[in-house]
Amino acid sequence: MGGQANLYSFPAVDALAPALRAYVIHCQEAGIARHGVFKVAVSGGSLPKTLAQALLPPATSEADTVRWDKWEIFFADERAVPLDHPDSNYALLRKELLDKLPADGPQPAAVHTIDVSVLDDAQELADRYEQELVKSFAGRDSVRLPIFDLLLLGCGPDGHTCSLFPGHEILRETSAWVAPIEDSPKPPPRRVTLTLPVVTHAVKVAFVATGGGKKDVMKEIFEEGNGLPCALVNEGCGDRCSWFVDNAAVEGVTYPRRPFSL
Ligand SMILES: O=C1O[C@H](COP(=O)(O)O)[C@@H](O)[C@H](O)[C@H]1O
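Residues numbered from 1 in each chain as written. Predicted model: local features only at pLDDT ≥ 70, side-chain atom pairs only at ≥ 80, totals over all residues. Heavy atoms only, no water.

The chain has the name 6-phosphogluconolactonase in an unreviewed UniProt entry, where Corynascus novoguineensis is given as its organism. Of the chain, the UniProt comment under Catalytic activity (unreviewed entry) reads exactly: "6-phospho-D-glucono-1,5-lactone + H2O = 6-phospho-D-gluconate + H(+)". According to the UniProt record, the Sequence similarities (unreviewed entry) comment for the chain reads "Belongs to the glucosamine/galactosamine-6-phosphate isomerase family. 6-phosphogluconolactonase subfamily." (UniProt positions renumbered as here; feature names shortened; annotations may be inferred.)

1. Comments concerning the pairing of strand β6 (residues 150-153)
Of the two faces of β6, the one holding Leu150 and Leu152 and the one holding Leu151 and Leu153 are both buried throughout. Of the strand pairs in this sheet, strand β2 (residues 38-42) and β6 are connected by three bridges, and their pairing is parallel. Paired with Ala41 across the strands is Leu151, a residue of β6. Across three bridges, the pairing between β6 and strand β9 (residues 205-209) is parallel. (Buried < 20%, exposed > 50% of the residue type's maximum accessible area, 1.4 Å probe, protein only. Helix = DSSP H or I, 4+ residues; strand = E, 2+ residues; numbered from the N terminus. Pairing = 2+ DSSP bridges.)

2. So, the site of the ligand
Inspection of the region around the ligand gives 16 residues, with Gly44, Ser46, Asp77, Arg79 and Lys186 positioned closest. Lys186 places a polar side-chain atom, nitrogen or oxygen, 2.8 Å from an oxygen atom of the ligand. Between the ligand and Arg191 there is a distance of 3.1 Å, counted from an oxygen atom to a side-chain nitrogen or oxygen. Within the complex, 93% of the 390 Å² of free accessible area of the ligand lies under protein. (Near = heavy atom within 4 Å. Polar contact = N/O pair within 3.5 Å; in protein donor to acceptor, adjacent residues only side chain to side chain. Areas by Shrake-Rupley, 256 points an atom, 1.4 Å probe, with all protein chains shown as cover.)

3. A closer look at the nonpolar core
Counting 86 residues, the largest nonpolar core has Phe148, Leu152, Leu194, Trp243 and Phe244 as its most contacted members. Considering each element in turn, this core owes the most residues, eight residues, to helix α1 (residues 13-35). Ignoring sequence-local partners within four residues, the contact set of Leu152 consists of Leu20, Val24, Val40, Ala41, Val42, Ser43, Leu47, Leu51 and Ala206. (Core = buried A, V, L, I, M, F, W, Y, C linked by side-chain atoms within 4.5 Å. Contact = heavy atoms within 4.5 Å.)

4. As for the packing of aromatic side chains
All told, the structure shown has 15 aromatic pairs when counted by the stated rule. Here Phe137 and Phe148 contribute two aromatic rings whose centre-to-centre distance is 4.9 Å and whose plane-to-plane angle is 70°, an arrangement assigned as edge-to-face. Here Phe137 is found in helix α4 (residues 122-137), whereas its partner Phe148 is found in the loop between α4 and β6, with 11 residues between them in sequence. The burial state of Phe137 is the same as that of Phe148; both residues are buried. Site record: aromatic cluster; members linked through ring pairs are Tyr8, Phe10, Tyr23, Phe244 and Phe260. A cation sits over an aromatic face here: Lys39 above Phe137, 4.4 Å from the ring centre. (Phe/Tyr/Trp six-rings, centres within 6.5 Å; stacked < 30°, edge-to-face > 60°. Lys NZ or Arg CZ within 6 Å of the ring centre and 35° of its normal.)

5. Points about the sheet that holds strand β7 (residues 178-181)
Strand order across the open sheet formed by three strands is β4-β8-β7, with antiparallel pairing between neighbours. At either end of the open sheet lies a strand with only one pairing partner, and these are β4 (77-79) and β7. On average, each strand axis in the sheet is inclined to that of its neighbour by 15°, with strand direction left out of account. As defined by bridge partners, β4 adjoins strand β8 (residues 191-194) across three bridges and the pair is classed as antiparallel. If you follow Asp77 over to β8, its bridge partner there is Thr193. (Axes fitted to C-alpha atoms, helices over the stretch in contact; angles between N-to-C directions.)

6. Quick notes on the pattern of salt bridges
In this structure the tally under the stated criterion is 15 salt bridges. Between Arg128 and Glu124 there is a salt bridge whose closest N-O contact spans 2.8 Å. On the criterion of helical spacing, the pair formed by Arg128 and Glu124 is a turn pair, its members being four residues apart in helix α4. Overall, Arg128 belongs to the partly exposed group, its relative accessible area being 34%. Given the relative accessible area of 27%, Glu124 is considered partly exposed. Its salt-bridge partner being Glu182, residue Arg190 comes within 3.1 Å of it at the nearest N-O pair. Each of Lys95, Glu96 and Lys100 takes part in salt bridges that share partners, so that together they form one network. (Salt bridge = Lys/Arg side-chain N within 4 Å of Asp/Glu carboxyl O.)

7. Some details on unusual backbone geometry
Across the junction of Pro187 and Pro188, the peptide omega takes the value -5°, indicating a cis bond. Inspection of the secondary structure puts Pro188 in the loop between β7 and β8. You will see that Cys162, though not glycine, has its phi angle at about 50°, which is positive. Tracing the backbone shows Cys162 in the loop between β6 and β7. Positive phi values are uncommon outside glycine, yet Asn226 reaches one of about 55°. Along the chain, Asn226 falls in the loop between α6 (215-224) and α7 (229-237).

As structure tokens, then:
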């Protein structure tokens, strides 16, 4: 691990979106060059909307192309609800992004959802999602830990990311790839999440955080850390981690911003 997390700040989301697109496409090309596909995990919350703003506009060149048919999409965390439930991260990604892809154009190669036949049992739900990862990653990358090409993450106002909440025992998980949570402080309480070792093992991690509602926690993450899950990702990934934020989200934060470049 080297360096420190990159903090890229933009006046507003419409300036952030093209940079995020360029970054994602860069990671996509690296993944395809490495193993023929792009393995990406995404969060719920406010992320899918910004992602849609970045990825839905038509390509302006070959190099600007989102190659959806190479995308294997996983969920960084998911709530234990049916796939059409308003709380489902899958439903949100569909509504904001996947359903808006041109029907006659390329579609994602795979979208790995949770097994909704075991929603009442969070441990089983996590184990089955982990098996889904094992099937996809075994023999291709490390089998000790999956290596995602990119994780696209959100940051909650309390510093949580995925469903890794501040102070929760799940942060001490060292062997599972996917962990259950029954007592999420943010509803719904039952969820599954990628664990911290999996998150920090990814090739690249990108956070997207926008709006003044995030500025206090951004200050804490970047200036104190305090063991907040987002800060632990920064520490674990170093310069493999990049933050795409708007100016409102980092008002008063002294951590140095970088000009965006690939
Ligand atoms: O509960 C969740 O919250 C986080 C953060 O959401 P945001 O709306 O503050 O961006 C999200 O990243 C996670 O996937 C989701 O399950």
